Amino acid sequence: MFMIFGIPGPLLFGQLLLGLINGAFYAMLSLGLAVIFGMLNIINFAHGALFMMGAFVSWMLLNYLDIGYFPALILAPLLVGIFGIILEKTVISRLYKLDHLYGLLLTFGLALVIEGLFRNAYGSSGMPYRIPSVLQGATNLGFMYMPNYRGWVVLAALFVCISTWAIIEKTSLGATLRAATENAPMVQAFGVDVPRLITLTYGGGVALAAFAGVLAAPIYSVNPNMGSNFINTVFAVVVIGGMGSIMGSIITGFALGVVEGLTKVFYPQASATVVFVVMVIVLLVRPRGLFGRTA
Amino acid sequence: MLLDVPTSSVALALQSVVREKNKVYLNVGAASSALTGSQCSPNFIHWVYDTYMLSKSTGGAMVKAGGDSWYFLTADYAFGKQLQEDTSTLVKAAGGKVLGAAPYPFPGTTDFSSFLVQAQSSGAKVLGLCNAGGDTVNSIKQAHEFGINSSMQLAAMLMFITDVHALGLDVAGGLVLTESFYWDLNDGTRAFTKRVLPKTPKNYPNMIHAGCYSATLHYLKAVAAMGAAEAKKDGVATVNRMKAMPVEDDCFGKSTIREDGRNMVASYLFEVKTPAQSKGPWDYYNLKVATPGNEAYRPLADGHCSFIKT
């Protein structure tokens, strides 16, 4: 067995892979946040709560309607996305012309309300959600046993992230969306229904969070606090990647997952703070983020 | 009167505040044995458990069953560190070894995969989980996911019946844990549970819920005996009165409160039932060992409590 920095090689590779898997969650969540901020200029603090709702809706679908994991992967984002659209139409859209801070405060308040309601109804211990039987078990990779479900999470997250990036950067719909955020009146003059586009974009970002929630449900217990555990790190990821950059948040999400994984091996006590240390360094050296566009 | 205060770091911080204001502090939820040891206070009573009792009961049982090498997964704050320390002392005293520990940031860690893989590569026979609540549920769930439970025994040092419910019996079945209350233990606990269930229909009480009831009831009995005006004036006097009166209720039966503020309730080592063994809702525990109150806790002299005159 060979040693790298005093750690056995197989253990290090195992930790890198685990870091990639965590990075998949960061990438998915920060993608939704980046889409909402980049396109709508709203700092969506409710993102963590909506991620939690995605997990809870998939649990409810299983327990009340006997609808399994794979249909829930489509249904839960749809349902939570519709809820997001209702939120946008009723409260969030009133704040577009105001300072960013109002959007932050409103969505933070929404997050507290949503989490409180779920905590009231279901307690904070959490609900069990089984890994679907076709994804159970583990594969021996030689240097570690990798649970098949975690491998699935990485693949699903990569697929969704790249598809979203492709839609926004490479299709005409994405081009219209990007144009609408730069100059809404001009795009409206072309006959495009900009408010509806923005509403659907918010719904889309929310659906991404809910999709991550469904992916997370079998791994972390489905409890009302699961969103608030992630949201701070995800915000740091978005800031490091660059607030408006889609590809930036995907790459940074995976990269920071790996950085965090390596910290857990060498100095576990710092594994929660290392992301913020990186964020401080990036803000000092390159304030617009690693992939951000200058204003 | 200040009741419950889970989270050991907060509980410890409040000791001096309560002492300064001369109020009554009945802690149920926090675990640190330092609360009746180096950080003790004459205004304080620790009601249903502490880290020493958990280590002695769960740790002792695992070492006896052959688990003589341990690796700890520890929440990196007051409670986790105290629990790890108490359990390590016990393991070493029983002839075992501690092969390592992974202290993880608390709160906020949801993914334990990295630490679990490190634990597995240490070669220890027992994985000691020095954490609670959502962390314990997640670490056990993920230990199953990574197949850790096939090569190591899992020792959940602090776990409640509500956590077992969150995990489900197919994952939690076979786990060994210590509580001082179980709803189906005897007629008294069943009567209490019957009274409480209509108010919390989705939740059966664990030792913390029962402890809050028991502590409040005993406090009110003491206040009734002293008169409310006297009780309000002096927290130390009220606590001394509570210590002088024997405690008795449906939840814990009879117990006495020691001079350092330790309520000596019995501790029970339970094994979680497998799905096949469970016959009804929340029918989760088999009783393995009952330790009477006077044997379950750290001896008074070892606590070095400053206000006790030896």
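Conventions and cut-offs
- Every chain is numbered independently, its residues counted from 1 as its sequence is written.
- For naming, the first written chain is A and the first written ligand is 1, with later ones following in the order written.
- At least 70 in pLDDT is required for a residue's local features to be given in this predicted model, at least 80 for side-chain atom pairs to be given and counted, and no such filter applies to totals for whole chains, interfaces and linings, which use all residues.
- A run of DSSP states H or I qualifies as a helix once it reaches four residues; a run of E qualifies as a strand once it reaches two. Both are numbered from the N-terminal end.
- Throughout, the radius of gyration refers to the C-alpha atoms, and the reference size of a globule is 2.2 Å times the residue count to the power 0.38.
- Here the C-beta atoms are placed from the backbone, and a residue counts as buried if at least 20 other C-beta atoms lie within 10 Å of its own, exposed if 12 or fewer do, and partly exposed otherwise.
- Working definition of a contact: two residues with C-beta atoms, positioned from the backbone, lying within 7 Å.
- Residue classes follow a fixed rule: Ala, Val, Leu, Ile, Met, Phe, Trp, Tyr, Cys and Pro count as nonpolar, while Asp, Glu, Lys and Arg count as charged, and any other residue, Gly among them, counts as polar.
- When DSSP finds at least two bridges between two strands, those strands are taken to pair.
- Between N-to-C directions, angles span 0 to 180 degrees; the directions come from axes that are lines fitted to C-alpha atoms, helices contributing only their stretch in contact.
- Note that domain bounds follow an automatic or database assignment of domains.
- What pLDDT conveys is the predictor's confidence in a given residue, as a value from 0 to 100.

Section: the overall build of chain B
The secondary structure content of chain B amounts to 13 helices and 12 strands. Rg of the C-alpha trace for chain B: 19 Å, near the compact-globule value of 19 Å for 310 residues, within the 12% margin. Taken along the three principal axes of its C-alpha coordinates, chain B extends 60 × 40 × 35 Å. Within the span of chain B, comprising 310 residues, buried residues form 55% of the whole. Here the analysis covers contacts within chain B between residues at least 6 apart in sequence; of these, 69% occur between residues at least 24 apart.

Quick look at the interface of chain A and chain B
On the side of chain B, 30 residues touch chain A, which itself brings 29 residues to the contact. Going through the elements one at a time, α1 (9-40), β4 (145-147), α9 (226-241) and α10 (246-266) of chain A are the ones with two or more residues in the side of chain A that touches chain B. The dominant element in the side of chain A that touches chain B, judged by the number of residues it contributes, is α1 of chain A, at 5 residues. A per-class count over the side of chain A that touches chain B returns 15 nonpolar, 13 polar and 1 charged.

Observations concerning the sheet that holds strand β1 (residues 2-4) of chain B
Residues and elements named next belong to chain B. Read across the open sheet, the 3 strands follow the order β1-β2-β3; overall the sheet is parallel. Only two strands of the sheet have a single partner each, and these edge strands are β1 and β3 (44-46). The mean angle between the axes of side-by-side strands here comes to 10 degrees, regardless of whether they run parallel or antiparallel. Looking at chain direction, β1 and strand β2 (residues 25-27) are connected through 3 bridges and run parallel.

A short note on the domain arrangement of chain B
All names here are of chain B. Looking at chain B, the domain boundaries give domain 1 (2-49 + 186-265) and domain 2 (52-179). A C-alpha centroid distance of 27 Å is found between domain 1 and domain 2. Counting residues at the interface gives 13 residues for domain 1 and 14 residues for domain 2. Elements that contribute at least two residues to the side of domain 1 that touches domain 2 include exactly α1 (8-21) and α10 (207-226). The dominant element in the side of domain 1 that touches domain 2, judged by the number of residues it contributes, is α1, at 3 residues. Split by residue class, the side of domain 1 that touches domain 2 holds 7 nonpolar, 6 polar and no charged.

Side note on helix α4 (residues 113-122) of chain B
Working note: α-helix, 3.6 residues per turn, so residues spaced by three or four point in the same direction. Residues and elements named next belong to chain B. With 8 of 10 residues buried, α4 is to be regarded as a mostly interior element. Taken as a whole, α4 has its buried residues at Ser113, Ser114, Phe115, Leu116, Val117, Gln118, Ala119 and Gln120. Residue Gly123 follows α4 closely and has a positive phi angle near 85 degrees.

Overview of the pairing of strand β6 (residues 126-130) of chain B
If a strand is regular, its side chains alternate between the two faces of the sheet. All names here are of chain B. Among the 5 residues of β6, 5 are classified as buried, and the element is accordingly described as predominantly covered. Alternating residues of β6 divide into Val126, Gly128 and Cys130 and Leu127 and Leu129, and every residue in both groups is buried. Bridge count for strand β4 (residues 69-75) against β6 is 5 bridges, and the pairing is parallel. Paired with Leu73 across the strands is Leu129, a residue of β6. Here 4 bridges tie β6 to strand β7 (residues 153-156), and the two strands are oriented parallel to one another. Across the sheet, Val126 pairs through a bridge with Gln153, a residue of β7.

Details of the confidence of the model for chain B
Residues and elements named next belong to chain B. On average, residues of chain B score 92 in pLDDT, and 100% of them reach the 70 mark or higher. Across chain B, element-level confidence peaks in β2 with a mean pLDDT of 96 and bottoms out in helix α6 (residues 148-151) with 85. Interface predicted TM-score (ipTM) for the complex: 0.74; the corresponding pTM is 0.79.

Some words on the environment of Ala207 of chain A
All names here are of chain A. Looking at the secondary structure, you find Ala207 in helix α8 (residues 194-216). Residue Ala207 is classed as buried on the basis of its C-beta count, with 25 C-beta atoms lying within 10 Å. Each C-alpha atom, one on Ala207 and one on Gly54, is 8.1 Å from the other, the two residues being 153 residues apart in sequence. Look past the residues within four positions of Ala207 in its chain and what remains in contact with it is Pro77, Leu78, Val80 and Gly81.

Some details on the environment of Ala124 of chain B
Residues and elements named next belong to chain B. Tracing the backbone through its elements, the reader meets Ala124 in the loop between α4 and β6. Under the C-beta neighbour-count criterion, Ala124 is labelled buried, with 23 such atoms within 10 Å. Once the C-alpha coordinates of Ala124 and Ser8 are considered, the two residues, 116 residues apart in sequence, prove to be 28 Å apart. Beyond its immediate chain neighbours, meaning those up to four positions away, Ala124 contacts Ser69, Trp70, Tyr71, Leu99, Ala119 and Met152.

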